[in-house]
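Single-letter residue listing:
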Number of protein chains: 2
Amino acid sequence: MNKPHNFSAGPCILPESVLQQASEAVINFDGLNLSLIEVSHRGKNFEAVMERSRQLVKELLGVPEGYQVLFLQGGASLGFLISAYNMMGSRKNPAYINTGTWSAGAIKEVSFTGATANVIASSQDRNFCYIPKNYSIPSDSDYLHITTNNTIEGTQFHHIPETDVPLVADMSSDIFSKQIDVSKFDLIYAGAQKNLGPAGATLYIVKEEAMARRTLAIPTMLDLKKQYEKESMYNTPPVFSIYVSMLTLEWLKNLGGIGEMERINNEKAACLYTEIDRNPLFKGTADLEDRSKMNVTFVLNNADLEPEFDRLWKEAQISGIRGHRSVGGYRASLYNALPLSSVQALVDVMQNFEKQFG
Amino acid sequence: MNKPHNFSAGPCILPESVLQQASEAVINFDGLNLSLIEVSHRGKNFEAVMERSRQLVKELLGVPEGYQVLFLQGGASLGFLISAYNMMGSRKNPAYINTGTWSAGAIKEVSFTGATANVIASSQDRNFCYIPKNYSIPSDSDYLHITTNNTIEGTQFHHIPETDVPLVADMSSDIFSKQIDVSKFDLIYAGAQKNLGPAGATLYIVKEEAMARRTLAIPTMLDLKKQYEKESMYNTPPVFSIYVSMLTLEWLKNLGGIGEMERINNEKAACLYTEIDRNPLFKGTADLEDRSKMNVTFVLNNADLEPEFDRLWKEAQISGIRGHRSVGGYRASLYNALPLSSVQALVDVMQNFEKQFG
């Protein structure tokens, strides 16, 4: 039985070699004859995993000096609160760009720190099908928060806002998919379950300088400075998720690093968007210039044909391309571990669908 | 090569059959030919895991009607904050019993909710080697918080305080080890990485009625009511940790449930404490009546002999019995999955040590 073509939006496809190694470590970790999940996180074997994971993040993303890399729990949804707590300065005036569901979540959490988010731009007027442009960022903002890729709406920032205001980004769904300039950001956070590893770990990359501007009393587990002073081990870390993240980063490094990954991801996205634009039965839902290379959202021009299309992709062993339950339609997620051959399989189905129903 | 005798204090030993099943699911989950960690948490296969996990908790612990079972992230250390947020009523006067490191952590987090913990009893005067008795619980307390088992100090509540004040318990290190009366508690929370599963999941059992007394604005991810209304899926849950917890609970059920587990745990603890009390080279560190059946702490009467003792237990393939770095000495953790034969192996080493050095 072949493996299905896994277009799941997250948790999502991980490299086969990573899954094999992870499976083995659950039985025998590092030759200890003990499972990865039954040894102390304070033992030298797991401490080496934590250190190697941090080092790979730094190396692959080119993280400059003066930044700390952390692996915590709670997902990006807890990151909404953690980022606000740790980046809020004395002005209590944080700026947010609202590009969809996850941005809205981040905006909501600000209120629990006692401040109010200043939403300086939004694409809500057209169901978040584009990335706002031509807004101004108040220079007295504590920080500007963006969601670099919007999984549900299929949009992505292809240009990071130029600003002197400290920049905070939720990069859950496109980190490690393309090269970024970390030095532009004071804080980056990302749930692991897309290009990094299994759900349960959350990556933070924080500029140490930014910690000096903090003004709020921050609960211990949400305090990034306390967490990096304890090297992400203030309490027991999510051992398995961090270990598998390390394996995935090793895989990415062996593949040629983020430059090579970006080239492949561009090819995958071009392959699918070209077909969507060519095939008269399909329509992309995001504005062309803001289309996500990670989550390709599209609909049928004739929704009545959905059962026929669904039958075809299921026959082709494709899984996970239904749109998010809040928007419907289709969504093909092209995360790092998805091979071009899976994209080609979907394109074949779309062409076959056109032949039969076009 | 035999498996070491794993006395690790957490993460700790898990049943062999559970590790085998977990390892397989990392490659092929539910016969889907996809890994457990690469499928959607919203798919019917994982939703069944979440539902079964909840059901097993309810069944094994005899959770009454009117309680909700949740699997969240953050460990008990985030639970310190979550419990304070969700249990704080209008009096802002929560009572705490301080029995060691973890209680102290819980007491500290209260301040971030704007209240101050009222420490009504403490065993700090004798390095937390006992459980306080003969204290009075102010009837106007919002709740009383206890840490039922103290992993570092080796003490355990063998009698739950009788009170009309809502009772909150951090049961991270003894839940599922013995029968408890859940109806006595308004909130129980526990990090998974002892008797439940791998680090990364945290169990909450909360009385629905208690949610009506809340007075604080609670950040979304820390709000137990919002979390159970979303069935622990407000955001992506820690899939792997929950799955392995489910497997461990199935193992416990097949073994005969908590009654049988308690019988075995009593036997294990009696075996080791009997030797500590009999052997003139050893001394237990906790008061007899408050000794933990999960974490047995002891020292050598002659600390100079530590290198000799260390050599003997290492030769016997014993691992994880060094005391916590904050207190030193020795600690043998006897969690559910540790077999009596491992305890016997340690007792043999202690007797051999006596023969050689007594």
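Residues numbered from 1 in each chain as written. Chains lettered and ligands numbered in written order. Predicted model: local features only at pLDDT ≥ 70, side-chain atom pairs only at ≥ 80, totals over all residues. Heavy atoms only, no water.

**Examining the overall build of chain A**
For step 1, the next point in the chain: Broken down by element type, chain A carries nine helices and 14 strands.
For step 2, the next point in the chain: By its C-alpha atoms, chain A is 60 × 55 × 30 Å across when sized along the principal axes.
For step 3, the next point in the chain: Pairs at least 24 apart in sequence give 68% of the contacts found in chain A among residues at least 6 apart.
For step 4, the next point in the chain: One way to put it: in chain A the 33 positive side-chain charges average out to a point 3 Å from where the 40 negative ones average out. (Helix = DSSP H or I, 4+ residues; strand = E, 2+ residues; numbered from the N terminus. Contact = heavy atoms within 4.5 Å. Lys, Arg positive; Asp, Glu negative; His and termini not counted. Charge placed at Lys NZ, Arg CZ, Asp CG, Glu CD.)

**A short note on the interface of chain A and chain B**
Frequently, the measure chosen for interface size is the accessible area removed from exposure when the parts meet.
For step 1, the next point in the chain: Taken together, the contact pairs 60 residues of chain A with 59 residues of chain B.
For step 2, the next point in the chain: For the pair chain A and chain B, the summed buried area comes to about 4600 Å², and 59% of that belongs to carbon and sulfur atoms.
For step 3, the next point in the chain: For the chain A face of the interface with chain B, the top three residues by lost area are Asn33, Ile37 and Glu38 of chain A, together amounting to 14%.
For step 4, the next point in the chain: The tally of links between chain A and chain B comes to two salt bridges.
For step 5, the next point in the chain: The partner of Lys3 of chain A in a salt bridge is Glu38 of chain B, with the nearest N and O atoms 2.5 Å apart.
For step 6, the next point in the chain: If you look at where chain A meets chain B, you find 17 residue pairs in polar contact (both at pLDDT 80 or more). (Buried area = accessible area lost by both parts, 1.4 Å probe. Salt bridge = Lys/Arg side-chain N within 4 Å of Asp/Glu carboxyl O. Polar contact = N/O pair within 3.5 Å; in protein donor to acceptor, adjacent residues only side chain to side chain.)

**Digging into the side chain of Thr99 of chain A**
Residue and element names in this part refer to chain A.
For step 1, the next point in the chain: Mapped onto the secondary structure, Thr99 falls in the loop between β3 (95-98) and α4 (101-110).
For step 2, the next point in the chain: Residue Thr99 is classed as buried on the basis of its relative accessible area, which comes to 0%.
For step 3, the next point in the chain: Reaching out from Thr99, the side chain makes a polar contact with the side chain of Ser103 at a distance of 2.9 Å.
For step 4, the next point in the chain: At a separation of 2.8 Å, a polar atom in the side chain of Thr99 contacts the side chain of Asn150.
For step 5, the next point in the chain: Not counting chain neighbours up to four residues away, the residues in contact with Thr99 comprise Ser123, Phe128, Ile131, Pro132, Thr147, Asn150, Glu153, Thr155 and Phe157. (Buried < 20%, exposed > 50% of the residue type's maximum accessible area, 1.4 Å probe, protein only.)

**Digging into the sheet that holds β3 of chain A**
Picture the strands of a sheet paired through backbone hydrogen bonds; they go either parallel or antiparallel.
Residues and elements named next belong to chain A.
For step 1, the next point in the chain: What the seven strands build is an open sheet, ordered β2-β10-β9-β8-β5-β3-β4; its pairing is mixed. Each edge of the open sheet carries a strand with a single partner, namely β2 (67-72) and β4 (118-122). Looking at each pair of strands side by side, their axes are set apart by 20° on average, direction ignored.
For step 2, the next point in the chain: With three bridges connecting them, strand β8 (residues 167-170) and strand β9 (residues 187-191) associate as parallel partners. Within β9, the residue paired with Asp170 across the bridge is Tyr189.
For step 3, the next point in the chain: Sheet contacts for helix α2 (residues 44-61): β2 and β10 (202-207); angle to β2, the most-contacted strand, approximately 130°.
For step 4, the next point in the chain: Across the sheet, α4 is in contact with β3, β4, β5 (144-147), β8 and β9; its angle to β3 comes to roughly 150°. (Pairing = 2+ DSSP bridges. Axes fitted to C-alpha atoms, helices over the stretch in contact; angles between N-to-C directions.)

**Notes on the side chain of Ser83 of chain B**
Residue and element names in this part refer to chain B.
For step 1, the next point in the chain: As for its placement among the helices and strands, Ser83 is situated in helix α3 (residues 75-87).
For step 2, the next point in the chain: Polar contacts involving the side chain of Ser83 include one to the main-chain carbonyl oxygen of Phe80, which spans 3.0 Å.
For step 3, the next point in the chain: Apart from residues no more than four positions distant in its own chain, Ser83 is found in contact with His145, Val168, Leu187 and Tyr189.

**Side note on the environment of Arg214 of chain B**
Residues and elements named next belong to chain B.
For step 1, the next point in the chain: Residue position: Arg214 is located in the loop between β10 (202-207) and α5 (224-229).
For step 2, the next point in the chain: Along the backbone, Arg214 and Ile107 are 107 residues apart, and their C-alpha atoms lie at a distance of 19 Å.
For step 3, the next point in the chain: Dropping the residues within four chain positions of it, Arg214 is found in contact with Asn86, Met88, Asp223, Leu224 and Lys225.
For step 4, the next point in the chain: Looking at Arg214, its side chain comes within polar contact range of the side chain of Asn86, at 2.6 Å.
For step 5, the next point in the chain: Polar contacts involving the side chain of Arg214 include one to the side chain of Asp223, which spans 2.9 Å.

**Regarding the pattern of salt bridges**
For step 1, the next point in the chain: By the definition in use, this model includes 42 salt bridges over all chains.
For step 2, the next point in the chain: Across the pair Glu267 of chain A and Arg263 of chain A runs a salt bridge, and its minimum N-O distance is 3.5 Å. With Glu267 of chain A and Arg263 of chain A both in helix α7 (residues 257-278) and four residues apart, the pair spans about one turn of that helix.
For step 3, the next point in the chain: In this structure Glu267 of chain A comes out as partly exposed when scored by relative accessible area, which is 37%.
For step 4, the next point in the chain: According to the relative accessible area criterion, Arg263 of chain A is partly exposed, its value standing at 45%.
For step 5, the next point in the chain: Across the salt bridge formed by Arg322 of chain A and Asp310 of chain A, the nearest N and O atoms sit 3.2 Å from each other. Taken together, the residues span a long stretch of sequence, with Arg322 of chain A in the loop between β13 (318-319) and β14 (330-333) and Asp310 of chain A in helix α8 (residues 306-315) at a distance of twelve residues.
For step 6, the next point in the chain: Members of the salt-bridge network, linked through shared partners, are Lys3 and Glu16 of chain A together with Glu38 of chain B.

**Notes on the packing of helix α3 (residues 75-87) of chain A against α4 of chain A**
All names here are of chain A.
For step 1, the next point in the chain: For the pair α3 and α4, the least separation of the axes is 8 Å and the interaxial angle reads 50°. Classified by the interaxial angle, the pair formed by α3 and α4 is oblique. You can see that α3 and α4 cross each other, and the crossing is right-handed. Seen from α3, the contacting residues are Phe80, Leu81 and Ala84; seen from α4, they are Trp102, Gly105, Ala106, Glu109 and Val110.
For step 2, the next point in the chain: For the contact of α3 with α4, the residue count by class is six nonpolar, one polar and one charged. (Parallel < 35°, antiparallel > 145°, perpendicular 65-115°, else oblique. Left-handed = near helix turned anticlockwise from the far one by under 90°. Nonpolar A, V, L, I, M, F, W, Y, C, P; charged D, E, K, R; others polar.)

**Thoughts on a positive patch on the surface**
For step 1, the next point in the chain: Side chains of Lys108 and Arg325 of chain A together with Arg42 and Lys230 of chain B sit close together on the surface and give a patch of like positive charge.
For step 2, the next point in the chain: Among the structural elements, Arg325 of chain A can be located in the loop between β13 and β14.
For step 3, the next point in the chain: The exposure class of Arg325 of chain A is exposed, given its relative accessible area of 60%. (Patch = residues over 30% accessible without salt bridge, like charges linked within 9 Å, V, L, I, M, F, W, Y side chains within 5 Å. Areas by Shrake-Rupley, 256 points an atom, 1.4 Å probe, with all protein chains shown as cover.)

**Section: the relation of the copies chain A and chain B**
What relates the pair of chain copies is a rotation about an axis plus a shift along that axis.
For step 1, the next point in the chain: Here chain A sits on chain B after a turn of 180° about the axis and a move of 0.0 Å along it, with an RMSD of 0.0 Å. Such a combination of turn and shift is consistent with a two-fold rotation axis. Residue Ser23 of chain A of chain A places its C-alpha closer to the rotation axis than any other residue of that unit, at 2.3 Å.
For step 2, the next point in the chain: Both copies present the same face, since 98% of the interface residues in chain A are matched by interface residues at the equivalent positions in chain B. (Least-squares fit on C-alpha atoms with pLDDT ≥ 70 in both.)

**So, the domain arrangement of chain A**
Residue and element names in this part refer to chain A.
For step 1, the next point in the chain: By domain assignment, chain A separates into domain 1 (16-255) and domain 2 (257-357).
For step 2, the next point in the chain: Computed from C-alpha atoms alone, the centre-to-centre distance between domain 1 and domain 2 is 27 Å.
For step 3, the next point in the chain: At the boundary of domain 1 with domain 2, total buried surface from both sides reaches about 2200 Å², with 54% on carbon and sulfur atoms.
For step 4, the next point in the chain: Looking at the side of domain 1 facing domain 2, the largest losses of area belong to Ile152, Gly154 and Leu255, adding up to 23% of the total buried there.
For step 5, the next point in the chain: Joining domain 1 to domain 2, the criterion identifies three salt bridges.
For step 6, the next point in the chain: One salt bridge in this structure joins Lys133 and Asp290, with 2.5 Å as the shortest N-O distance.
For step 7, the next point in the chain: The interface formed by domain 1 and domain 2 includes 18 residue pairs in polar contact (both at pLDDT 80 or more).
For step 8, the next point in the chain: Every element with two or more residues in the side of domain 1 that touches domain 2 is listed here: α2, β6 (149-150), β7 (155-156) and α6 (239-255).
For step 9, the next point in the chain: Of the residues that constitute the side of domain 1 that touches domain 2, the class distribution is ten nonpolar, eleven polar and seven charged. (Domains from an automatic or database assignment.)

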